[in-house]
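The chain contents come next:
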Amino acid sequence: MKQFPNDFIWGASTSAYQIEGAYDIDGKGPSIWDAFSSIPGKIKNGDTGQVSGDHYHRFKEDVALMKQIGIKAYRFSISWPRVMPAGKGKANTRGIQFYSALIDELLEAGITPWVTLFHWDLPLALQLENDGWIGPEIPDYFAAYADVCFEHFGDRVKNWITLNEPWVMAILGYGLGNFAPGRVSNAEPYRAGHNQLLAHAKAVDVYRKKYGHQGGQIGMANNCDWREPLTDSQKDKDAAQRALEFFLAWFADPIYFGDYPAVMKQRLGARLPAFTEAEKELVKGSADYFGLNHYTTMYVAGATDPNRKSTVYGNGGLTEDQDIELSMDKTWKRTTMNWAVVPWGCRKLLEWIDNRYGRPDIYLTENGSAWNDSKVDGTVADANRIEYFQGYLGECRKAIEKGVKLKGYFAWSLMDNFEWAHGYSQRFGMIHMDYQSLERTMKDSANWYAGVIRDNGV
Ligand code: GAL
């Protein structure tokens, strides 16, 4: 492994609903994920995040493990309904105290907090009373909640992420319905996406106007796979470009250019909401850096039959809107979530972003792989995960050599967690957990990562 730049940020990520547990105590309100995971059949094995990694009670132990690994930055999310149980109105002092104590603990351990304000656990009250991300009021509610977070934590938190993966919230939550709130529609995803962009921009506006003196940076964490043209034909090349625009440019173009990609406007017509001039201005320039969550790659061909949906399970979006067919190479190794391990796709995506958005600072805010590892003699041999990290970090290094301003890398995930609809059977963490006893064990991947950090002289 060649050296990374001296100021490169090495971290690990988690999110509130996936690790905190403590779902109904100390004044926390229910979230859409509490509700969704209580519906039979929605989550593999009927799992929920009610206890999960019990991080709420064991955060000190977890911070000590982070220190042991040597990570310098920790990305976690704040649970909106823990801080504001009804999503609006009164804040919950005990929720604020929890995050305040976590931030202090991190800083004492020499770990920089990177805080996501929203990682999908929307207060249930907002879903029931205001139609969640479809309702017109949500951007203002989000900005008011963000304001409370900046006020209480902004003296110590200098790295903010407004939203995690608005694409997932929109497509899986409102299009395919396999994530909370479980709605199925071909129009709602684009409204949910629109309101998320406005919510993000309003929160950034509050941060810059009211808390600019805190001297932090703020942005969004978008997810995108790489899309490789299946053949050299113009049809397939166009299809791959279109797929990337429907995936990533959907959220990034408004932020960097002030509007949606032309191809989305043409194809979606009235299903894609339009920005007013004032909104365009608010959204444009509303990120100090480019946050990217990246895991996998698929081939794209231009569809022969526009009504044919992709047969590949996974992150295609509403493929019929894009006129594409997705596929995977049979030789690609796949994780237990059926995601292909394709390190070069990571470099190509970083270069695509670098090129399209004018060389922004990029942080890989998530990257990692799930494997159903099991313990043998009290240990887990993490060869697959180490190989994954090695491959992807190697391609990150190549991207940096080509001039891409990649500034940091956050492994997903710090610890095994509630893997949304996949339940607990998919183990994602560098720290493995035995959920019966909640024993936390550092395994090969965490030690390997610690070695990389050490070798880079951080
Ligand atoms: C991301 C998400 C994380 C985690 C990861 C692996 O989409 O932000 O919460 O679940 O995928 O599935």
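The coordinates are above.
Structural notes, computed from the coordinates.

Criteria and thresholds
- Residues numbered from 1 in each chain as written.
- Predicted model: local features only at pLDDT ≥ 70, side-chain atom pairs only at ≥ 80, totals over all residues.
- Heavy atoms only, no water.
- Helix = DSSP H or I, 4+ residues; strand = E, 2+ residues; numbered from the N terminus.
- Rg over C-alpha atoms; globule rule 2.2 N^0.38 Å.
- Buried < 20%, exposed > 50% of the residue type's maximum accessible area, 1.4 Å probe, protein only.
- Contact = heavy atoms within 4.5 Å.
- Lys, Arg positive; Asp, Glu negative; His and termini not counted.
- Charge placed at Lys NZ, Arg CZ, Asp CG, Glu CD.
- Expected span 1.5 Å × (residues − 1).
- Salt bridge = Lys/Arg side-chain N within 4 Å of Asp/Glu carboxyl O.
- Pairing = 2+ DSSP bridges.
- Axes fitted to C-alpha atoms, helices over the stretch in contact; angles between N-to-C directions.
- Parallel < 35°, antiparallel > 145°, perpendicular 65-115°, else oblique.
- Nonpolar A, V, L, I, M, F, W, Y, C, P; charged D, E, K, R; others polar.
- Core = buried A, V, L, I, M, F, W, Y, C linked by side-chain atoms within 4.5 Å.
- Near = heavy atom within 4 Å.
- Polar contact = N/O pair within 3.5 Å; in protein donor to acceptor, adjacent residues only side chain to side chain.
- Phe/Tyr/Trp six-rings, centres within 6.5 Å; stacked < 30°, edge-to-face > 60°.
- Lys NZ or Arg CZ within 6 Å of the ring centre and 35° of its normal.

## Overview of the overall build of the protein
Consideration 1: Across its full length, the protein holds 16 helices and 13 strands.
Consideration 2: Scaling as 2.2 N^0.38, a compact globule of 458 residues should have a C-alpha radius of gyration of about 23 Å, and the protein matches this with 21 Å.
Consideration 3: Sorting the 458 residues of the protein into buried and exposed places 63% on the buried side.
Consideration 4: Within the protein, contacts between residues separated by at least 24 positions form 77% of all contacts whose residues are at least 6 apart in sequence.
Consideration 5: Once the 50 positive and 57 negative side-chain charges of the protein are each reduced to a mean point, those two points are 2 Å apart.

## Comments concerning helix 7 (residues 138–153)
Consideration 1: With 16 residues, helix 7 should reach 22 Å at 1.5 Å per residue; the first-to-last C-alpha distance of 22 Å fits that figure.
Consideration 2: Within helix 7, burial applies to Ile138, Pro139, Phe142, Ala143, Tyr145, Ala146, Asp147, Val148, Cys149, Phe150 and Phe153.

## Brief notes about the pattern of salt bridges
Side chains that differ in charge, positive against negative, can pair when their charged atoms come close.
Consideration 1: Considering all chains together, one arrives at 36 salt bridges under this definition.
Consideration 2: Residues lysine 405 and aspartate 361 are paired through a salt bridge, measuring 3.5 Å at the closest nitrogen-oxygen approach. Residue lysine 405 is located in the loop between helix 15 (383–401) and strand 11 (406–412), and its partner aspartate 361 is located in the loop between helix 14 (343–356) and strand 10 (362–367); the two are separated by 44 residues in the primary sequence.
Consideration 3: Aspartate 361 sits in the partly exposed class, given a relative accessible area of 25%.
Consideration 4: Taken together, the salt bridges that share partners define one network made up of Arg347, Glu351, Glu395, Lys398 and Lys402.

## Regarding the pairing of strand 1 (residues 9–13)
Consideration 1: In terms of burial, strand 1 is a largely internal element, four of the five residues being buried.
Consideration 2: Bridge count for strand 1 against strand 11 is five bridges, and the pairing is parallel. Considered in strand 11, the bridge of alanine 12 is made with alanine 411.

## Re the packing of helix 3 (residues 55–69) against helix 5 (residues 93–108)
Consideration 1: Axis separation between helix 3 and helix 5 bottoms out at 10 Å; the angle between their running directions is 10°. Regarding the angle of helix 3 to helix 5, the classification is roughly parallel. For the pair formed by helix 3 and helix 5, the contact residues are His55, Tyr56, Phe59, Lys60, Val63 and Met66 on the first element and Arg94, Phe98, Ala101, Leu102, Glu105 and Leu106 on the second.
Consideration 2: For the contact of helix 3 with helix 5, a count of residues per class yields eight nonpolar, one polar and three charged.

## Observations concerning helix 14
Residues that lie three or four places apart on an α-helix share one face, since the helix turns once every 3.6 residues.
Consideration 1: With 14 residues, helix 14 extends 21 Å between its outermost C-alpha atoms, agreeing within 8% with the 20 Å of an ideal straight helix rising 1.5 Å per residue.
Consideration 2: Listed in full, the buried residues belonging to helix 14 are Gly345, Cys346, Arg347, Leu349, Leu350, Trp352, Ile353 and Asp354.
Consideration 3: Following helix 14 by one or two positions, glycine 358 has its phi on the positive side, about 70°.

## Topic: the nonpolar core
Consideration 1: Trp33, Trp80, Trp133, Trp160 and Tyr409 are the most contacted members of the largest nonpolar core, which has 154 residues in total.
Consideration 2: Residue contributions to this core peak at twelve residues, all from helix 10 (residues 234–257).
Consideration 3: Those residues in contact with tryptophan 33, other than ones at most four positions away along the chain, are Tyr17, Ile43, Trp120, Asp121, Phe179, Ala180, Phe418, Trp420 and Ala421.
Consideration 4: In terms of nonpolar packing, the next biggest core, distinct from the first, is built from seven residues, Trp114, Tyr289, Tyr363 and Phe410 among them.

## Some points on the site of the ligand
Consideration 1: The immediate surroundings of the ligand are formed by 13 residues, with Gln18, His119, Glu165, Glu419 and Trp420 found nearest.
Consideration 2: Histidine 119 is positioned with one of its side-chain polar atoms (N or O) 2.8 Å from an oxygen atom of the ligand.
Consideration 3: Separating an oxygen atom of the ligand from a side-chain N or O atom of glutamate 419 is a distance of 2.4 Å.
Consideration 4: Here the shell around the ligand is built from residues that sort into seven nonpolar, three polar and three charged.

## Let's talk about the sheet that holds strand 9 (residues 324–327)
Consideration 1: Here three strands make up an open sheet; going across it, the order is 6-8-9 and the pairing mixed. Every other strand in the sheet has two partners, leaving strand 6 (226–229) and strand 9 as the edge strands with one partner each. For this sheet, the mean angle separating the axes of adjacent strands, direction not counted, is 40°.
Consideration 2: Lying over the sheet, helix 14 contacts strand 6 and strand 8 (297–302), oriented at roughly 100° with respect to strand 6.

## Some words on the packing of aromatic side chains
Consideration 1: Scanning the entire structure with this criterion turns up 57 aromatic pairs.
Consideration 2: Judged by centre distance (6.2 Å) and plane angle (75°), the ring pair of phenylalanine 418 and tryptophan 420 falls under edge-to-face.
Consideration 3: Its relative accessible area of 3% is what places tryptophan 420 among the buried residues.
Consideration 4: Three or more aromatic residues link up through ring pairs in this structure, and these residues are Tyr17, Trp33, Phe36, Trp120, Phe179, Phe418, Trp420, Tyr424 and Tyr435.
Consideration 5: It is arginine 397 that lies over the ring of phenylalanine 4; its NZ or CZ is 6.0 Å from the centre.

## Details of the sheet that holds strand 10
Consideration 1: Sheet architecture is closed into a barrel: eight strands sit in the order 1-2-3-4-5-7-10-11, paired in parallel fashion. Along the sheet, successive strands turn relative to each other by an average axial angle of 25°, direction set aside.
Consideration 2: Running over the sheet, helix 8 (residues 166–176) touches strand 3 (112–118), strand 4 (159–164) and strand 5 (217–223) and is turned about 40° from strand 5.

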